[in-house]
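One letter stands for each residue in the lines below.
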Amino acid sequence: MKRYLCIFIVLMITGSTYAQVDLCIDAGHGGIDPGAKVCTHFDSSYWEKDLNLEVTLLLKDSIPPTTSVYFTRLIDTFLYLDRRAWLADSVEAGAFISIHFNSVPNPESQYILTIYSNSDTVWDGGMYEGQSRSTDSLLAAKIGFRIHDHLGGQYKLNEFNPWDVDETILRLSKMTSTLLEPLFISDSSAADSLYENKGKIRNKIVSAIYQGWKSWTTGQGIALVDYEYSGKGPHDYIGEVEIAIGGWDYPDTFSVPYQGCWQENEFIELNAIEFIKSDGGIEWPYNFHHWEWRDWNPDTVIATSMSQDYSFFVIPSYTDSTHYWVAYFTGGPFDVSLILPPSTVTEFRPNDTVELIWNAPGGARHTCSLYVSYSINNGQSWNQIIGPIPYDFSPLKKKNGLDIMTSVYNWVTPNITAENCYLRFIAYDAADNKDTLISHKFSLNCCIGLRGNADCSDDEEPDISDVNRITDFLYLSHDPLCCFEEADTYPDGMIDISDISRLIDYLYLTHKPLPNCP
C-alpha cells in the first residue's frame, strides 16, 4: 500500500509542476497497439506506430527551443486515448496534434486528411463529462494546406476542408486540436517513400506541421489564388487553369482556384500559365493579362501588377483573413482587341474626345454585352464610361476565316490631370460571366509631346497659330489658355514675350528643338 501511495504522490507532484506549454504532440498508437501495417517492400515488421514515432522524433529535433513542446510518448509504449487527452490537458497545452498515417484496403488514390472535432462539450459519462472545448478547425486546415504545398501539390487535401470527426482523442482534449493522416501507408509506393525518407518526404511533412501550427498561432490567414476570364458558372467552358506557385523553378503547378497557408513575410512568386482551349472545333488562345492582389473583405484592389505573367508578393500581417490574388486572362471565343487608341499612345488631354475602336470575333456568343470604364488611381477604383452595350453593333468582316466585328465609340476624357490611369474593356456572356478584360494605360495631361502647342490643336505640332494664341493671351483678349504648360516654351513657370520669341526661333530662325512636356 505504501508503495502505491508513494507512486501516486509522485505523479501528483509531477503534474502540479507542469508549466503551460505551447504545443502537445502525440505519436499515435504504440506498444501493444501497432496501428496499420506500413505496406513497404523493405521491412515486413514496420508498423504505423513506428512511423508515427519517427516523425515525432524528427519534430522534436527540428522545433526551435523557443517553442515549448510536450510529447505524450518518445518511446514505443502504449497509452490509452483518454490518457493522451489527459496529458495534453494537464500541461495546459496551447494546441494538441496527434500524428497518424492512413490505411484503407486497396487504396485507389492518395489524399491528405486533417481531422478536428466540432463537439463544443464532452458527454462521455466519465471524468470529462460536461467539459467545454475548442472547435477551431483552422489548425487542421493550415497544417493540411502546408503539407499539400510541401509535397508539391501531388496529393489532394480533403477537398481543402478539414474533416469533422468525433474522434475520442480530439473530443476529450479541451484545447484546439487536430489529428493528422498525411498519406496512405497501405499504398506501397507511398509506404516505400516514407520508409526510405525518399525525397526527404518525412522532413517535408515535419516542416509542414510546424509551419502550419506557427501560422495558426500568429493568425496569418489563408491564401487564395484564383483566376477570372469567363467566370465559373454553368457556361464555364474553360475548365482548370494552372498557376506555378514559387516561380518557374517550382517543381509542380497547381490548378486554381488554389487555397494555401502562407506565413507573414514569406516571399511568394506566382506565374500564370497561358493556355489554349477548343470550343466549337476552333482552338482559342487565352493570354495572361495582369495580376491583382485584392482584399477579400471588403472586395477592394490593393495592388495591380500589369503586363507580366509572373508577380512577386510578400505576405502581409493580416489576422485570419484571406489573402486573395487573381490572375486575369484575355482571349477565347468571345474576345475583344483594342485597335484605337494604339498601345503607343499613352497620353490624353483632359476633356478631350478619344476615338475608341475595337474588334471582336462574331458568332461565338450572341447575347453578350460590353462595359467600358476608366481608372485614375492605378486600378483601385473604376468609373464606367458605357455599358452594358451590345457585344457589337457593326457589320461583320472576315479575318483569318472568322467573322470579325468592329465597333467605334467617342469618349470624352475627364477634365482632370492624373497619372497611372487605365482604360478597361470587360465583356460578359448571357449568364453575366466575365470573359475578357483589356486595359490600356495612360495619363491625363494637357501638355503632350513638345511644348508650344498653345492652342491645343489635334495635330500637336506648333505653328504660327500658337504664336497668335500666346499673343492674344498676353496683349489682346486675355482669354485663358487651354494648357499653361504647352504655352510655357522655356519652361520657367511663367508666360511672357520670351515664349513667343522661343516659338518664332523654332519655326523660322534656328529651328532649335522645343523642350518636351513633363
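Residues numbered from 1 in each chain as written. Predicted model: local features only at pLDDT ≥ 70, side-chain atom pairs only at ≥ 80, totals over all residues. Heavy atoms only, no water.

A. Spatial organisation of the state of the cysteines. Within the structure shown, the criterion is met by three disulfides. In this model C447 forms its disulfide with C517; the gap between the sulfur atoms is 1.9 Å. The S-S bond linking C447 to C517 shows a torsion near -75°; that makes this disulfide left-handed. Pair noted here: C447 is in the loop between β26 (434-444) and α8 (464-475) and C517 is in the segment after α10 (497-508), with a separation of 70 residues, a long-range link. Residue classification places C447 among the buried residues on the basis of a relative accessible area of 0%. (Disulfide = S-S within 2.5 Å. Helix = DSSP H or I, 4+ residues; strand = E, 2+ residues; numbered from the N terminus. Buried < 20%, exposed > 50% of the residue type's maximum accessible area, 1.4 Å probe, protein only.)

B. Geometry of the environment of E181. Take E181: it is sitting in strand β7 (residues 176-181). As a C-alpha pair, E181 and I99 span 82 residues in sequence and 6.9 Å in three-dimensional space. When near neighbours in sequence (up to four residues on either side) are disregarded, E181 contacts H100, F101, N102, Y111, I112, L113 and I115. (Contact = heavy atoms within 4.5 Å.)

C. Fine view of the environment of G152. Relative to the helices and strands, G152 resides in the loop between α4 (138-150) and β5 (156-157). Through-space distance from the C-alpha of G152 to that of F254 is 8.5 Å; in sequence the pair is 102 residues apart.

D. Geometry of the packing of aromatic side chains. All chains considered together, the criterion is met by 15 aromatic pairs. Where Y46 meets Y195, the ring centres are 4.9 Å apart and the plane angle is 85°; that geometry is what we call edge-to-face. With Y46 in the loop between β1 (23-27) and α2 (48-62) and Y195 in helix α6 (residues 188-196), the pair connects residues that are 149 residues apart, well separated along the chain. With a relative accessible area of 4%, Y46 lands in the buried category. Through a chain of ring-to-ring contacts, three or more aromatic side chains come together here, namely F254, Y258, W262 and W325. Above the face of the W47 ring, K37 is positioned so that its terminal group lies 5.6 Å from the ring centre. Over the face of the ring belonging to W382 we find R424, whose NZ or CZ atom lies 3.9 Å from the ring centre. (Phe/Tyr/Trp six-rings, centres within 6.5 Å; stacked < 30°, edge-to-face > 60°. Lys NZ or Arg CZ within 6 Å of the ring centre and 35° of its normal.)

E. A look at the nonpolar core. Membership of the largest hydrophobic core comes to 38 residues, with the highest contact counts inside it found for I97, I99, F101, L194, I209 and W213. Mapped onto this core, the elements with two or more residues apiece are β1, α2, β3 (95-99), α4, α6 and α7 (201-218). At eight residues, the largest contribution of residues to this core is made by α7. Excluding its chain neighbours within four sequence positions, the residues that come into contact with I99 are I25, D26, A27, G28, N52, V55, T56, L59, L180 and I209. The next biggest cluster of nonpolar side chains, apart from the first, holds 24 residues, and it includes A223, V256, A272 and F329. (Core = buried A, V, L, I, M, F, W, Y, C linked by side-chain atoms within 4.5 Å.)

F. Spatial organisation of a nonpolar patch on the surface. On the surface, a cluster of nonpolar side chains totalling about 390 Å² of accessible area is made up of I464, I504, Y508 and L509. Relative to the helices and strands, Y508 resides in helix α10. Accessibility expressed as a relative area gives 49% for Y508, which makes it partly exposed. (Patch = residues over 30% accessible without salt bridge, like charges linked within 9 Å, V, L, I, M, F, W, Y side chains within 5 Å. Areas by Shrake-Rupley, 256 points an atom, 1.4 Å probe, with all protein chains shown as cover. Salt bridge = Lys/Arg side-chain N within 4 Å of Asp/Glu carboxyl O.)

G. Region of interest: α7. Between its terminal C-alpha atoms α7 stretches 26 Å, which fits the 26 Å expected from 18 residues at 1.5 Å a residue. Of all the residues in α7, the buried ones are I201, R202, I205, V206, A208, I209, Y210, Q211, G212, W213, S215 and W216. Considering only its buried residues, α7 is in contact with β1, α2, β3, α4, β7 and α6. (Expected span 1.5 Å × (residues − 1).)

H. How the structure looks around the pairing of β7. Most of β7 sits inside the fold, with six of its six residues counted as buried. Residues of β7 alternate between two faces, with T176, T178 and L180 on one and S177, L179 and E181 on the opposite face, all of them buried. Here strand β4 (residues 111-116) runs beside β7; their pairing, made up of three bridges, is antiparallel. Among the inter-strand pairings, L113 is bridged to a residue of β7, identified as E181. (Pairing = 2+ DSSP bridges.)

I. Quick look at the side chain of R84. Tracing the chain through its elements places R84 in helix α3 (residues 81-90). Within the local environment of R84, its side chain forms a polar contact with the backbone oxygen of A27, the two atoms lying 2.9 Å apart. (Polar contact = N/O pair within 3.5 Å; in protein donor to acceptor, adjacent residues only side chain to side chain.)

J. Up close: the pattern of salt bridges. The full count for this structure, using the stated rule, is eight salt bridges. Through salt bridges with shared partners, one network takes in R349, E460 and E486.

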